[in-house]
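Per-entry structural report
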Amino acid sequence: MSKCKGCGITLQSLDSSKVGYTPKEGSKLCERCFKITNYNYHEKESKTIDNNQIIKGINHKKCATMFLCDILNLNSNMMEIYDVINEPKVLVITKSDMIPKNIKLETLEKNIKRIYNVENLLFVSSLNGYGKRTVWDYLDKFGKVLFAGPTSSGKSSLINYLFDTDLTVSNYKNTTQEFISLKVGGYEVIDAPGFNEDYLNDNVKQKGYINPKTVIVKKGYSLSIGNVEIYANKDLNVTLFFPKNILPITRKVKKTFETKVDLQNQSDLVISNLGFIYFKDSTTLHISNSGYIDVRESIVGVK
Ligand SMILES: Nc1nc2c(ncn2[C@@H]2O[C@H](COP(=O)(O)OP(=O)(O)O)[C@@H](O)[C@H]2O)c(=O)[nH]1
Ligand SMILES: [Mg+2]
């Protein structure tokens, strides 16, 4: 059976409710990829592969791996996955065009390497080409390279940018549904399905810069972002790093909060797949819905 050129799924024309469906036999794209590419829309459930299966698949390929993450989906879950991927590997921070201009990449690099114990790190943007030379160097060194990382981190976009290929790209999660091996320009490149987390905000647009926003939340008020609500027993002065369309809400504290966390100064409260809140000062935080959060030494703090 042939595979979809956009997402790697095995094509079939028998059951329109199942993955890989195409109404036209002999088509190169599944209906889902066709709709995403032409209308930026699809209504079908994507095939999701369990993270452990993807890790197995990656390690089975036994080749150099670029692990792509943007600064909003960089978190301890993803770095635990990074840690179990076979060497050689490099952490690639994608969408560098989104990184606020007032944050020095050298500071970010130093912090990320220290906090997550990473040896090799690159920054890249498929939008403006930043860092492409370092990616080509890596490709030249290994010849065969696999592109892994969380869903929507820009794996397929980077391959398309480098090799002028037509992999399907979208803001929907799990756009790439299978491993896709391509032989292009003397290289062997493997695109991989993305890793998922339990909580994933589908279709969060991450276009343009993240505009870091410093907010003061008065004592007695809480700050709510996505599904997470936080509150401290004092005035809070924090900086928010989220896509522009994620709007913080403040409101009077009315309910009880399930979790209490002590944050050191210069910490980030990471809200999985949405972004992070930077705390310059140490704080005791009360958090509701803590399943999707993670605290770390700040990646944007200056030591
Ligand atoms: N700003 C910006 N957006 C990007 C970049 N690369 C990818 N994207 C966007 O991120 C979303 C996910 O990209 P995709 O390549 O499908 O991610 P994948 O799931 O990792 O293959 C798409 O909406 C892309 O347009 C980049 O370098 N900069
Ligand atoms: Mg993809």
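Bear in mind that the values here come from a model prediction, so they are computed numbers and not experimental data.

Cut-offs and rules
- Residues numbered from 1 in each chain as written.
- Chains lettered and ligands numbered in written order.
- Predicted model: local features only at pLDDT ≥ 70, side-chain atom pairs only at ≥ 80, totals over all residues.
- Heavy atoms only, no water.
- Pairing = 2+ DSSP bridges.
- Helix = DSSP H or I, 4+ residues; strand = E, 2+ residues; numbered from the N terminus.
- Axes fitted to C-alpha atoms, helices over the stretch in contact; angles between N-to-C directions.
- Domains from an automatic or database assignment.
- Contact = heavy atoms within 4.5 Å.
- Buried area = accessible area lost by both parts, 1.4 Å probe.
- Salt bridge = Lys/Arg side-chain N within 4 Å of Asp/Glu carboxyl O.
- Polar contact = N/O pair within 3.5 Å; in protein donor to acceptor, adjacent residues only side chain to side chain.
- Near = heavy atom within 4 Å.
- Nonpolar A, V, L, I, M, F, W, Y, C, P; charged D, E, K, R; others polar.
- Donors = N, O, S within 2.8 Å, 3.2 Å for Na, K, Ca; no water.
- Buried < 20%, exposed > 50% of the residue type's maximum accessible area, 1.4 Å probe, protein only.
- Core = buried A, V, L, I, M, F, W, Y, C linked by side-chain atoms within 4.5 Å.
- 1 Å grid on protein atoms, 1.4 Å probe; cavity = no way out; pocket = protein on both sides within 12 Å on 5 of 7 lines; lining within 4 Å.
- Points joined across faces, edges and corners; volume = space filled by probe spheres on them.
- Disulfide = S-S within 2.5 Å.

Moving on: the sheet that holds strand β13 (residues 267-271). The five strands lie next to each other as β7-β10-β14-β13-β16, forming an open sheet whose pairing is antiparallel. Here the strands that pair on one side only, and so sit at the sheet edges, are β7 (213-217) and β16 (293-297). Neighbour-to-neighbour, the strand axes of the sheet open up by a mean angle of 25 degrees, direction not taken into account.

Time to look at the domain arrangement of the protein chain. On domain assignment, one finds that the protein chain holds domain 1 (1-45), domain 2 (46-191) and domain 3 (213-297). For domain 2 versus domain 3, the distance between C-alpha centres works out to 29 Å. Contact with domain 2, which involves 12 residues of that partner, is made by 12 residues of domain 3. Note on domain 2 versus domain 3: buried area summed over both sides is about 920 Å², and carbon and sulfur give 52% of it. Contact with domain 3 buries surface across domain 2, with Leu 72, Asn 75 and Ile 115 losing the most and accounting together for 49% of the total. Here domain 2 and domain 3 share one salt bridge between them. Here Glu 297 ties to Arg 114 by a salt bridge, and the two come within 2.5 Å at their closest N and O atoms. Inspection of the domain 2/domain 3 interface yields five residue pairs in polar contact (both at pLDDT 80 or more). When residues of the side of domain 2 that touches domain 3 are traced back to their parent elements, those giving at least two are α3 (76-83) and α4 (105-116).

Close to ligand 1 lie 17 residues, the nearest being Asp 97, Ser 126, Ser 152, Lys 155 and Ser 157. Measuring from a nitrogen atom of ligand 1, one finds a side-chain N or O atom of Asp 97 at 2.7 Å. Here an oxygen atom of ligand 1 and a backbone polar atom of Ser 152 are 2.8 Å apart. Across the shell around ligand 1, the residue classes tally to three nonpolar, 11 polar and three charged.

Our focus in this paragraph is the coordination of the magnesium ion (ligand 2). Protein coordination of the magnesium ion (ligand 2) is provided by Ser 156 (OG) and Thr 176 (OG1), with donor distances spanning 2.0 to 2.2 Å. Linking Ser 156 in helix α6 (residues 155-163) with Thr 176 in the loop between α6 and β5 (180-184), this pair joins segments that are 20 residues apart in sequence. The exposure class of Thr 176 is buried, given its relative accessible area of 7%.

Quick look at the nonpolar core now. A general feature of soluble globular proteins is that nonpolar side chains tend to end up buried together. Counting residues in each nonpolar core, the largest one holds 39 residues, and the members touching the most others are Phe 67, Leu 74, Leu 91, Ile 93, Leu 108, Ile 112 and Phe 195. Secondary structure elements with two or more residues in this core: α2 (51-61), β1 (64-70), α3, β2 (89-94), α4, β3 (121-123), β4 (144-148) and β14 (275-279). The two domains that each donate at least three residues to this core are domain 2 (46-191) and domain 3 (213-297).

Take empty space enclosed by the protein next. Inspection of every chain in the model, using the stated rule, returns three cavities of 30 Å³ or more. As a volume, the second largest cavity reaches approximately 50 Å³. Around the second largest cavity sit Lys 18, Val 19, Gly 20, Tyr 21, Cys 30, Glu 31, Arg 32, Lys 44, Glu 45 and Gln 177, which together line it. In terms of residue class, the lining of the second largest cavity is made up of three nonpolar, two polar and five charged.

It is worth spelling out the state of the cysteines at this point. Inspection of the entire model under this criterion finds zero disulfides. Unpaired in terms of disulfides, Cys 33 finds its nearest cysteine sulfur in Cys 4, a separation of 3.7 Å. Using a relative accessible area of 0% as the deciding quantity, one classes Cys 33 as buried.

Time to look at the side chain of Ser 222. Residue position: Ser 222 is located in strand β8 (residues 221-225). For Ser 222, the side chain forms a polar contact with the side chain of Glu 229, separated by 2.6 Å. When neighbours within four sequence positions are excluded, Ser 222 is seen to be in contact with Val 217, Glu 229, Ile 230, Tyr 231, Ile 249, Thr 250, Arg 251, Val 253 and Phe 257.

This part takes up the side chain of Asp 268. Residue position: Asp 268 is located in strand β13. Of the polar contacts made by the side chain of Asp 268, one reaches the side chain of Ser 298; its length is 2.7 Å. For Asp 268, the side chain forms a polar contact with the main-chain nitrogen of Ile 299, separated by 2.8 Å. If sequence neighbours within four positions are ignored, Asp 268 has contacts with Phe 276, Ile 277, Tyr 278, Asp 294, Val 295, Arg 296, Glu 297, Ser 298, Ile 299 and Val 300.

Strand order in the open sheet made by the five strands is β11-β8-β9-β15-β12, with antiparallel pairing throughout. Looking at which strands have only one partner, the edges of the open sheet turn out to be β11 (249-252) and β12 (259-263). The sheet shows a mean angle of 30 degrees between the axes of neighbouring strands, taken without regard to direction. Here β8 pairs with strand β9 (residues 228-232) via three bridges, running antiparallel. What sits directly across from Ile 225, in β9, is Val 228.

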